[in-house]
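# Coordinate analysis (summary)
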Amino acid sequence: REQPPAKRAKQESEASRTWTVAWAARDAHRKLRCCSIAMPNTSVRLLCSIAAAAALAAPRCARPTQTKLAAATADPAVASREAFDDVVQKTYGRYPVTIVRGSGCELEDDAGRTYLDFVAGISTCCLGHGDQRLVDAITKQIQEVHHVSNLYYIPNQGALAAWLVKNTAGLDKAFFCNSGGEANEAAIKLSLKHAVQERGLKDPVILTAYGSFHGRTMATISATAQPKYHGPEGCWQVKGLAEHFEFNDIASLEAAFEKHEVAAILVEPIQGEGGVRVGTQEFLQKARELCDASGALLVFDEVQCGVGRTGRLWGHEHVNVIPDVLTCAKALGGGVPIGAMLCADKANVFAPGDHATTYGGNPLACAAALAVARAVDDDGLVANAAAR
């Protein structure tokens, strides 16, 4: 439904109109309501991203000048959404918005309209867009060496691991990958090997909470306790890998623990996809106690809520419950793909050949993550998020 002409004309006459991405998407969706379009479920992630948008400690860069569509892209065919859809698989219900540049917390589309970015690339762009610290770090690194295999030592991978271990209580070693799903996949493999090798379990399972979201790989989809992600007739589930309990329900957790040989409890300290649900002190402490009593591992998925998003470096710091394994990604690289799985020495059972990745922890990604680390240490990024 269109707005009244007079109101629309007034809006169009404004020289620098700034909308939130959410408002722009809503407006476009109203125009296309007659069509059957699967719009992505981003409401939860929008809420989770507000802290990132507010967390910019440095002054915002000047807004980019508005541009015409012809100047926004060198190839007119790229600007055509129809041409895009002709060659790209439809795995996303995309909003009819084409972003061509960003600065600070603002984005600009191919028609020169500006938006206030509350999505932050789905909780990744913790320094905003075009941040000079990130630009400098990536530029310097790509001029030196941007990628080598993990068959060799990578100095800034070691520096990033040292920073993560120093700033994460109780954890001693890091494994690097490219995303949160991969980090959780690594944590699941680690937990299963630990259960079999160190505890002698014959049929180990991972316990996860209803409403959770842990990734899109086969193992992490199985761990994600939401049937809508499991495919037709559950065809994407790895049967027997994971069992589930109600989040923040101690009785449900205890019942699930009694029924199965539990390799690990994998839980988000603050659920994102599940509705920004905060794990209580009592619930997460009970998970810690059950793992301590049995030898199972407590794994915290901090992909969404980690790296300062909640006003602490890690979400679990709010309840002072220490995990055996922690996964992170998203904001870790400030928008450059990188993930990490941290573990305590007692859980450090991977041997050469057990797990690997081609790109994980390469020099370029680690340079970006170290720029974020410096923003945390030197520029008050997390304190600024807490204050707001």
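Summarised in this report is the structure supplied together with it. (Residues numbered from 1 in each chain as written. Predicted model: local features only at pLDDT ≥ 70, side-chain atom pairs only at ≥ 80, totals over all residues. Heavy atoms only, no water.)

## A word on the layout of surface pockets
Taken as a whole, the second largest pocket holds about 710 Å³ of empty space. Taken together, 26 residues line the second largest pocket, and the ones lying closest to its centre are N150, Q157, A174, F175 and F176. Looking at the lining of the second largest pocket, the elements that each hand over two or more residues are α9 (155–166), β5 (173–177) and β13 (339–343). Sort the elements by how many residues they give to the lining of the second largest pocket and β5 lands first, with four residues. (1 Å grid on protein atoms, 1.4 Å probe; cavity = no way out; pocket = protein on both sides within 12 Å on 5 of 7 lines; lining within 4 Å. Points joined across faces, edges and corners; volume = space filled by probe spheres on them. Helix = DSSP H or I, 4+ residues; strand = E, 2+ residues; numbered from the N terminus.)

## Concerning the packing of helix α8 (residues 132–144) against helix α14 (residues 363–378)
In the contact formed by α8 and α14, the axes pass within 9 Å of each other and the chain directions differ by 150°. As summarised for this structure, α8 and α14 are arranged roughly antiparallel, according to the angle between their axes. For the crossing formed where α8 meets α14, the hand is right-handed. Within the contact between the two elements, α8 uses R133, L134, A137, I138, Q141 and I142 and α14 uses P363, L364, A367, A368, A371, R374 and A375. Of the residues in the contact of α8 with α14, the class split is ten nonpolar, one polar and two charged. (Axes fitted to C-alpha atoms, helices over the stretch in contact; angles between N-to-C directions. Parallel < 35°, antiparallel > 145°, perpendicular 65-115°, else oblique. Left-handed = near helix turned anticlockwise from the far one by under 90°. Contact = heavy atoms within 4.5 Å. Nonpolar A, V, L, I, M, F, W, Y, C, P; charged D, E, K, R; others polar.)

## Some points on α9
Look at α9: 17 Å from first C-alpha to last across twelve residues, which is about the 16 Å you get at 1.5 Å a residue. Residues N156, Q157, L160, A161, W163 and L164 constitute the buried set of α9. Along the long axis of α9, the arc covered by the buried residues comes to 160°, so they all point the same way. Along α9, exposed side chains directed more than 90 degrees from the buried face belong to P155 and K166. Buried positions along α9 lie against α8, β5, β13 and α14. (Expected span 1.5 Å × (residues − 1). Buried < 20%, exposed > 50% of the residue type's maximum accessible area, 1.4 Å probe, protein only. Arc of directions from axis to C-beta.)

Coordinates in, geometry out; function isn't part of it.
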